[in-house]
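Observations on the model geometry
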Amino acid sequence: MAQFVRIYSQLDQQDLSSLEALYHPAVVFEDSAHRVEGWPALHDYFQRLFQNVTHCEFRIHQSMADGAQGYVVWTMVFAHPKLNRGQHREVQGCSHLTFQDNQVIHHRDYFDLGEMLYEAIPLLGRVVKSIKAGL
């Protein structure tokens, strides 16, 4: 867990090489919009993600591990030129990790996709915020 927190806290969009040691070759990664299987597919996913943003950092707030699993609470701060006029956005989330052979074999991120993406699109953002306010 300490290695995961260290790597994600220092993750650099120019150099993703530190991630390979973190993830098992048969890793499964899931979030609100994706499911990728295997390290090569996850590496490609991260490359595409970081190519599309002008800034991305993870602020780790809490982490805990118990044997073969762990949890991380984080804030992702990112900027995408097509969202919110390229301004920084913050999204709160958490990750559930499962370990095998001292590597992450399953990584599931939980976050509000509306907060991350839809609320940053001009017309759609107002609609999503209105719907959320009415719940």
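These numbers come from a predicted model, not from an experiment. (Residues numbered from 1 in each chain as written. Predicted model: local features only at pLDDT ≥ 70, side-chain atom pairs only at ≥ 80, totals over all residues. Heavy atoms only, no water.)

With that settled, the discussion passes to the overall build of the chain. Along the backbone of the chain there are five helices and six strands. Secondary structure elements of the chain occur, N-terminal to C-terminal, as α-α-β-β-α-β-β-β-β-α-α. When burial is assessed residue by residue, the chain has 41% of its 135 residues classed as buried. Contacts spanning at least 24 positions in sequence make up 47% of the contacts within the chain whose residues lie at least 6 apart. When the accessible surface of the chain is summed, it comes to about 7900 Å², and 51% of that surface belongs to carbon and sulfur atoms. (Helix = DSSP H or I, 4+ residues; strand = E, 2+ residues; numbered from the N terminus. Buried < 20%, exposed > 50% of the residue type's maximum accessible area, 1.4 Å probe, protein only. Contact = heavy atoms within 4.5 Å. Areas by Shrake-Rupley, 256 points an atom, 1.4 Å probe, with all protein chains shown as cover.)

What follows deals with the sheet that holds strand β3 (residues 55-66). Strand order across the open sheet formed by six strands is β2-β1-β6-β5-β4-β3, with mixed pairing between neighbours. Two strands lie at the open edges of the sheet, namely β2 (35-37) and β3, each paired on one side alone. Neighbouring strand axes in the sheet, compared pairwise and without regard to direction, differ in orientation by 20° on average. Pairing of strand β5 (residues 89-100) with strand β6 (residues 103-111) involves eight bridges; the strand directions are antiparallel. Looking at β6, one finds that C94 is bridged to Y110. Sheet strands in contact with helix α1 (residues 2-9) are β1 (23-30), β3, β4 (69-79), β5 and β6, and its direction is about 170° off that of β3. (Pairing = 2+ DSSP bridges. Axes fitted to C-alpha atoms, helices over the stretch in contact; angles between N-to-C directions.)

Relative to the helices and strands, D31 is located in the loop between β1 and β2. One buried charged residue, D31, remains without a salt bridge, the closest side chain of opposite sign being R108 at 5.9 Å. One polar contact links the side chain of D31 to the main-chain amide nitrogen of H34, over a distance of 2.7 Å. Leaving out residues up to four positions away in the same chain, D31 has contacts with Y45, R108, D109 and F111. (Lys, Arg positive; Asp, Glu negative; His and termini not counted. Salt bridge = Lys/Arg side-chain N within 4 Å of Asp/Glu carboxyl O. Polar contact = N/O pair within 3.5 Å; in protein donor to acceptor, adjacent residues only side chain to side chain.)

To continue, consider empty space enclosed by the protein. Here the structure, examined in full by the defined rule, presents one cavity of 30 Å³ or more. Reported here for the largest cavity is a volume of approximately 40 Å³. Lining the largest cavity are F4, Y8, F58, I60, W74, S95, H107 and D109. Mapped by element, the contributors of at least two residues to the lining of the largest cavity are α1, β3 and β6. Each residue belonging to the lining of the largest cavity can be placed in one class, and the counts come to five nonpolar, two polar and one charged. (1 Å grid on protein atoms, 1.4 Å probe; cavity = no way out; pocket = protein on both sides within 12 Å on 5 of 7 lines; lining within 4 Å. Points joined across faces, edges and corners; volume = space filled by probe spheres on them. Nonpolar A, V, L, I, M, F, W, Y, C, P; charged D, E, K, R; others polar.)

Position of H24 relative to the elements: it lies in strand β1. You can call H24 buried: its relative accessible area is 12%. Apart from the residues lying within four places of it in its own chain, the contact partners of H24 are W39, Q100, D101, Q103, V104 and I105.

What follows covers unusual backbone geometry. Excluding glycine, residues mostly have negative phi values, and the peptide bonds linking residues are mostly trans. Located in the positive-phi region is D101, a residue other than glycine, with phi close to 55°. In this structure D101 comes out as exposed when scored by relative accessible area, which is 59%. At N102, a residue that is not glycine, the phi angle is positive and equals roughly 60°. With respect to the helices and strands, N102 occurs in the loop between β5 and β6.

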